[in-house]
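Observations on the model geometry
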Number of protein chains: 2
Amino acid sequence: MFRTHTCGELSLANKSQIVTLAGWVQKIRDKGFMVWIDLRDRYGITQLIFDTERTDAKTLELVKTLGREFVIQIVGEVIEREAKNDTMATGSVEVLVQKLTILNSSKVPPFTIENNTDGGEELRMKYRYLDIRRNPVKNSLIFRHKVAQEVRLYLSGEGFIEIETPYLIKSTPEGARDFVVPSRMNQGQFYALPQSPQTFKQLLMVAGMDKYFQLVKCFRDEDLRADRQPEFTQIDCEMAFIEQEDILNTFEGLTKHLLKAIRNIEVHQFPRMTYNEAMKTYGNDKPDIRFGMKFGELTDLAQGKGFGVFDGQELVVGIAAPGCSEYSRKQTDALVDFVKRSQIGAKALIFVKYGLDGSLKSSVDKFFTEAELLKWAERLGAHKGDLMLIMAGAADTTRGQLSALRMHLAETLGLRNPDVFAPLWVVDFPLLEWDEESNRFHAMHHPFTSPKPEDIELLKTNPKAVRANAYDMVLNGNEIGGGSIRIHDKETQKMMFNYLGFTPEQAENQFGFLMNAFEYGAPPHGGLAFGLDRLVAILGGQESIRDFIAFPKNNSGRDVMIDAPSKIDQIQLDELHLELKK
Amino acid sequence: MFRTHTCGELSLANKSQIVTLAGWVQKIRDKGFMVWIDLRDRYGITQLIFDTERTDAKTLELVKTLGREFVIQIVGEVIEREAKNDTMATGSVEVLVQKLTILNSSKVPPFTIENNTDGGEELRMKYRYLDIRRNPVKNSLIFRHKVAQEVRLYLSGEGFIEIETPYLIKSTPEGARDFVVPSRMNQGQFYALPQSPQTFKQLLMVAGMDKYFQLVKCFRDEDLRADRQPEFTQIDCEMAFIEQEDILNTFEGLTKHLLKAIRNIEVHQFPRMTYNEAMKTYGNDKPDIRFGMKFGELTDLAQGKGFGVFDGQELVVGIAAPGCSEYSRKQTDALVDFVKRSQIGAKALIFVKYGLDGSLKSSVDKFFTEAELLKWAERLGAHKGDLMLIMAGAADTTRGQLSALRMHLAETLGLRNPDVFAPLWVVDFPLLEWDEESNRFHAMHHPFTSPKPEDIELLKTNPKAVRANAYDMVLNGNEIGGGSIRIHDKETQKMMFNYLGFTPEQAENQFGFLMNAFEYGAPPHGGLAFGLDRLVAILGGQESIRDFIAFPKNNSGRDVMIDAPSKIDQIQLDELHLELKK
């Protein structure tokens, strides 16, 4: 062992002890006759002191050769500091060094290894091993470890068994794009990396394992949006002989446990909301309910008064931004610009200022009386001092636009407090969604999701209206997980594939093993998966997952530190019987 | 919830309660007026009873439609059994069924779902979801979960942080063959799946994470030998500011903890043996020390007496098989056949029977006196009643052959008791081994392993003799893990790549990121990896890992259940810019 103590543990209780420490040189203050060094390791920082009176000349000479991030080992005596530093755990002591050994030198790091660094994103990724030395990243990784441990403890305690499912599986092009792995031993054939262990966990239910979980890497070869990774980690779960209610209860239990164990926060309410209700009230299937600003529909009130922006539209809908009645022209213009951005694409945004004095001012005064505007205020739940914002257009589109505005306003108004946690179940998702591009229905969750028994008849007449036994857990406006009750009989599964446009041959070829398994006593089952990266980030009070992943990839799917992906040898291609297309 | 209780928990304490159970029909005994069903779930078996007196006609009719592995739900009353079954946890009670619901039917399973099945290996793999219903497989998976949980608890308790390293990394053809993953977004480039997180865990040490672990899937595209899998799980660890001794102590601690927590066995001794000693004493770098039969070298005693089989050979070496002096001609012939098999390839095996009466009989009596043979017995540690077995030839080859014979005899003599655990550290492995095929040195452990400082000079004059700071943990004749102290400075690492035949460009291209990292304050570090599959199997008293993996692949790397690998769509190939070679 290179040390007797870490850099985070010495206190006055160790006074006069001779200790050995090892770590990195964080900071050097050289007053000539006296040198202080902040020595850092994973556990903290300890101040070292060298001086001309008490340190021998050779050691003093060696100290002068040190630079930032040098790795050193010292032996010295713990002494009481004259000027104590209450902000440091070890701030009452320093170590008077008797012996100094340089374990390794360091080039000058390309950015400062401090809580706030001068390093840009790209540079930090290239030198991720230096970035991780910084407290915010280091602590995020330790935090992630704690969350993962607590997940395992909780689920094990509930009788779940963690079972590893294979990574080299079969490509099933339904859903997102697979990463594939050419097989050398089976030429011309490929494995795929799992997008999720979905079929395996269902087979484990057929196998009688009853309660399964796994913290598992999943892979999707998608064009990366910000904060998406080609490989990500799921808390994957499945249970047999249960109904939706049992799953919701189990994962409410897990979420409560995590909030309590990790953040010491007690959450009692897990409100439930149907998908339709969420879309109608928040324009979003993952509403942030830490704040209000619920949608109010004004179609009946606002149409037929001669105002062209509203008349003839499918929906007129608005929200009330609390305390914003005195917004300046500049501020409201900025909101108009926000909703007109191409990502949102709204045409217009109407304002009504509900003054603290009860006055109602708007740019549409000539179309609507104050009494009419007061009715709007009622619908939107607006109070004196609020700003009403109203949009109109096709229902789905307009709701989406207003939802974006609602989130933007909440951000501006500081309503998204990262230390407040408001979980929510969104239930009764539609089974199918129409895909314009392929001109067919896609499974909204996945093809193994069970329609609600009472809606099965609707499949023939109004497929879009069929609800699934599918649910998402939403936390602070983020979908942190979702799942469903599965189909567990072959006939229903075949019918489902048929609705999704599979030929019987395609269904058999890709998922025959699962449908066969359903013929040998498949129990009713269902499950859920949480996205661990996102969950950890939100529990940690962050919106970005990047610092909770040790070695993330950039938006082109590259690891810029190791420079992957990269070319491979011709001999490797030959062994795989592959050629690169010219 | 489909049940109020599981099939493993009812006892007389539940007498007269109305319960709901769900599970699989394990067995039906139909006496006409009375029907018993064994209902099975993950937790156990509960006997159900239906009879013409107490069960209504409709339910009785439904019972007659049941078959093995049907999934049913019942409501009934817990009653005391007349004939109790002490071998079952629930053997004192049965449930008089009032209501029966068939949740799913089942085809007749292709093999019996019993502890001993009539299903062959191939069939069991194809219907793995039925195989897992059998207790031996189910219990192995639950056992694995427990081991993994205990590993995590122990290492977390010791301050290790589990950190996920990426699966999509860079191909580095040194070592075994990589599985590669074509990148769609970076055409013509490939990721590789990790053979181990070796470089990443070293980077985490450079990053100051101090104590890292991970239970992680690793991948090797090797031609599969029996009981090898293309994907396997490692307990991967790394520590900074430590010496070899610290690592050995930490993982002795882990191993002790597992044996105690999982098997309730206390092991105090972790003997250490150098690689050279292990090879000399057992002909093997992973000796099974649960039994003796240590090698005795007879070269000086046995040569020059005119016996052609021994004379002129590099080594004459033997073992004493305890209590085998009365082996028949048939038995000794079988041993000769064993060592002459092509996998072992010995030319001859000499026997000396050391009778219980002290007599010494051999086929080489005319070359050696009884006094001489007595000296052999001394060297081999043979006692009266033992059989001495002697081989001669080139030292390394002969030791390997005798080692195979020693293990074979131990197996025959029942000396490999799976409930006895004898761990052992083998230390001081050679740094390099000569590879005939490529005509250069390979790293025996891996290229990041540190030579012993006192042996570095030998690199120039006698590379084969250079010892590494490398160690293996051996348990009952199996290598369950190994590791090393790593190189942590760029110059030594460059020199090492040079000795391994890398050009500077190759070294830079493949491992430049690691050598760069070493320039920014890399601490001394080292680590170890245990093979989880093997460790779990051995702790479970088994030699084969197959049943401790939920969905293993066969010897051609195929998953015969899902039929992977398989062909992929042309569109997938096109997107990856790949062509199959004609």
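Residues numbered from 1 in each chain as written. Chains lettered and ligands numbered in written order. Predicted model: local features only at pLDDT ≥ 70, side-chain atom pairs only at ≥ 80, totals over all residues. Heavy atoms only, no water.

1. Concerning the confidence of the model for chain A
When pLDDT is averaged along chain A, the result is 95; 100% of the residues meet or exceed 70. Scored as a whole, the predicted complex attains pTM 0.95, and scored at its interfaces, ipTM 0.95. (pLDDT = per-residue confidence, 0-100.)

2. Here we look at the relation of the copies chain A and chain B
Least-squares fitting of chain A to chain B yields an RMSD of 0.1 Å, with the superposition described by an axial translation of 0.0 Å and a rotation of 180°. On this basis, the relationship between the two copies can be described by a two-fold rotation axis. By residue overlap, the copies meet face to face through one surface: 100% of the interface positions of chain A are interface positions in chain B. (Least-squares fit on C-alpha atoms with pLDDT ≥ 70 in both. Contact = heavy atoms within 4.5 Å.)

3. Brief notes about the sheet that holds strand E17 (residues 423-427) of chain A
Where strands meet in a sheet, backbone hydrogen bonds hold them as pairs that are either parallel or antiparallel. All names here are of chain A. Strand order across the open sheet formed by 8 strands is E6-E9-E10-E22-E21-E20-E17-E11, with mixed pairing between neighbours. Each edge of the open sheet carries a strand with a single partner, namely strand E6 (161-162) and strand E11 (272-274). Relative to strand E20 (residues 470-475), E17 is paired through 5 bridges, and the arrangement is antiparallel. The residue of E20 that forms the bridge with Val427 is Tyr471. Across the face of the sheet, helix H7 (residues 275-282) comes into contact with E11 and E17 while running at roughly 85° to E11. (Pairing = 2+ DSSP bridges. Helix = DSSP H or I, 4+ residues; strand = E, 2+ residues; numbered from the N terminus. Axes fitted to C-alpha atoms, helices over the stretch in contact; angles between N-to-C directions.)

4. Concerning the packing of aromatic side chains
With the rule as written, the count across this model stands at 51 aromatic pairs over all chains. When the centroid spacing of 6.1 Å and the interplanar angle of 70° are considered together, the rings of Tyr127 of chain A and Tyr129 of chain A count as edge-to-face. Residue Tyr127 of chain A shares its accessibility class with Tyr129 of chain A, and that shared class is buried. Geometrically, the ring pair formed by Phe143 of chain B and Phe548 of chain B is edge-to-face, given 6.3 Å between the ring centres and 65° between the ring planes. Residue Phe143 of chain B is found in helix H4 (residues 135-157), and its partner Phe548 of chain B is found in the loop between helix H15 (532-539) and helix H16 (570-575); the two are separated by 405 residues along the sequence. In this pair, the class of Phe143 of chain B matches that of Phe548 of chain B, namely buried. Site record: aromatic cluster; members linked through ring pairs are Phe307, Phe310, Phe367, Phe368 and Trp376 of chain A. The residue whose ring lies beneath Lys126 of chain A is Tyr127 of chain A, and the NZ or CZ to ring-centre distance is 5.9 Å. (Phe/Tyr/Trp six-rings, centres within 6.5 Å; stacked < 30°, edge-to-face > 60°. Buried < 20%, exposed > 50% of the residue type's maximum accessible area, 1.4 Å probe, protein only. Lys NZ or Arg CZ within 6 Å of the ring centre and 35° of its normal.)

5. Notes on unusual backbone geometry
Residues and elements named next belong to chain A. A cis amide bond, omega 0°, links Ala564 with the succeeding residue Pro565. Mapping Pro565 onto the fold places it in the loop between helix H15 (532-539) and helix H16 (570-575). The backbone phi angle of Asp563 is positive, close to 60°, even though this residue is not glycine. Considering the arrangement of structural elements, one finds Asp563 in the loop between H15 and H16.

6. Topic: the sheet that holds strand E14 (residues 350-354) of chain B
All names here are of chain B. Pairing in this open sheet of 5 strands is antiparallel, and the strands run E12-E13-E16-E14-E15 from one edge to the other. Where the open sheet ends on each side, the last strands, each with one partner, are strand E12 (296-297) and strand E15 (360-362). With 4 bridges joining them, E14 and strand E16 (residues 387-393) adopt antiparallel strand pairing. Bridged to Ile350 within E16 is Ile390. On the sheet, helix H9 (residues 329-340) packs against E14 and E16 and is oriented at approximately 30° with respect to E16.

7. Details of the environment of Thr299 of chain B
Residue and element names in this part refer to chain B. One can find Thr299 in helix H8 (residues 299-302). Taking the relative accessible area as the measure of exposure, Thr299 reaches 18% and is therefore buried. Separated by 19 residues in sequence, Thr299 and Gly318 have C-alpha atoms that sit 10.0 Å apart. In contact with Thr299, not counting residues within four places along its chain, are Gln313, Glu314, Leu315 and Val316. Among the polar contacts made by the side chain of Thr299, one reaches the main-chain amide nitrogen of Val316 at a distance of 3.1 Å. (Polar contact = N/O pair within 3.5 Å; in protein donor to acceptor, adjacent residues only side chain to side chain.)

8. Topic: the interface of chain A and chain B
Listed per partner, the contact involves 125 residues of chain A and 125 residues of chain B. A combined buried area of about 11,200 Å² lies between chain A and chain B, and 59% of that area is made up of carbon and sulfur atoms. Of all residues in chain A, Phe241, Tyr520 and Lys581 of chain A give up the largest surface area on contact with chain B, accounting jointly for 8% of the area buried on that side. Summed over the shared surface of chain A and chain B, the result is 16 salt bridges. Note that Asp210 of chain A and Arg3 of chain B form a salt bridge whose closest N and O atoms lie 2.8 Å from each other. Class assignment for the residues of the side of chain A that touches chain B results in 66 nonpolar, 25 polar and 34 charged. Pairing analysis gives 3 bridges linking strand E23 (residues 578-580) of chain A to strand E23 (residues 578-580) of chain B, with the strands arranged antiparallel. Across the sheet, the residue bridging to Leu578 of chain A is Leu580 of chain B, located in E23 of chain B. (Buried area = accessible area lost by both parts, 1.4 Å probe. Salt bridge = Lys/Arg side-chain N within 4 Å of Asp/Glu carboxyl O. Nonpolar A, V, L, I, M, F, W, Y, C, P; charged D, E, K, R; others polar.)

9. As for helix H5 (residues 198-206) of chain A
Within H5 of chain A, 9 of the 9 residues are buried, which leaves the element mostly enclosed by the surrounding structure. Taken together, the buried positions of H5 of chain A are occupied by Gln198, Thr199, Phe200, Lys201, Gln202, Leu203, Leu204, Met205 and Val206 of chain A. On its buried face, H5 of chain A sits against strand E9 (211-219), strand E10 (231-240), helix H14 (504-517) and strand E22 (525-531) of chain A together with strand E1 (18-30) and helix H3 (128-131) of chain B. With its phi angle positive at about 85°, Gly208 of chain A sits one or two positions after the end of H5 of chain A.

10. Quick look at the state of the cysteines
Scanning the model with the defined rule gives 0 disulfides over all chains in all. No disulfide involves Cys218 of chain B; its sulfur sits 12 Å from the nearest other cysteine sulfur, which is in Cys237 of chain B. (Disulfide = S-S within 2.5 Å.)

11. Quick look at the packing of helix H13 (residues 490-499) of chain A against H14 of chain A
All names here are of chain A. Packing of H13 against H14 brings their axes to within 10 Å, and their N-to-C directions diverge by 160°. Between H13 and H14, the interaxial angle falls into the category roughly antiparallel. In the crossing of H13 with H14, the sense of the turn from one axis to the other is right-handed. Listed contacts from H14 to Lys490, Gln493, Lys494 and Phe497 of H13 are Ala507, Phe511, Met515 and Asn516. Classifying every residue of the contact of H13 with H14 by side-chain character gives 4 nonpolar, 2 polar and 2 charged. (Parallel < 35°, antiparallel > 145°, perpendicular 65-115°, else oblique. Left-handed = near helix turned anticlockwise from the far one by under 90°.)

12. Points about the pattern of salt bridges
Summed over the entire model, instances satisfying the criterion amount to 100 salt bridges over all chains. Across the pair Glu121 of chain A and Arg124 of chain A runs a salt bridge whose closest N-O atoms are separated by 3.8 Å. With Glu121 of chain A and Arg124 of chain A both in helix H2 (residues 121-126), this residue pair falls 3 residues apart, about one helical turn. For Glu121 of chain A, a relative accessible area of 40% puts it in the partly exposed group. A salt bridge links Glu245 of chain B to Arg272 of chain B; the nearest nitrogen and oxygen atoms lie 2.7 Å apart.

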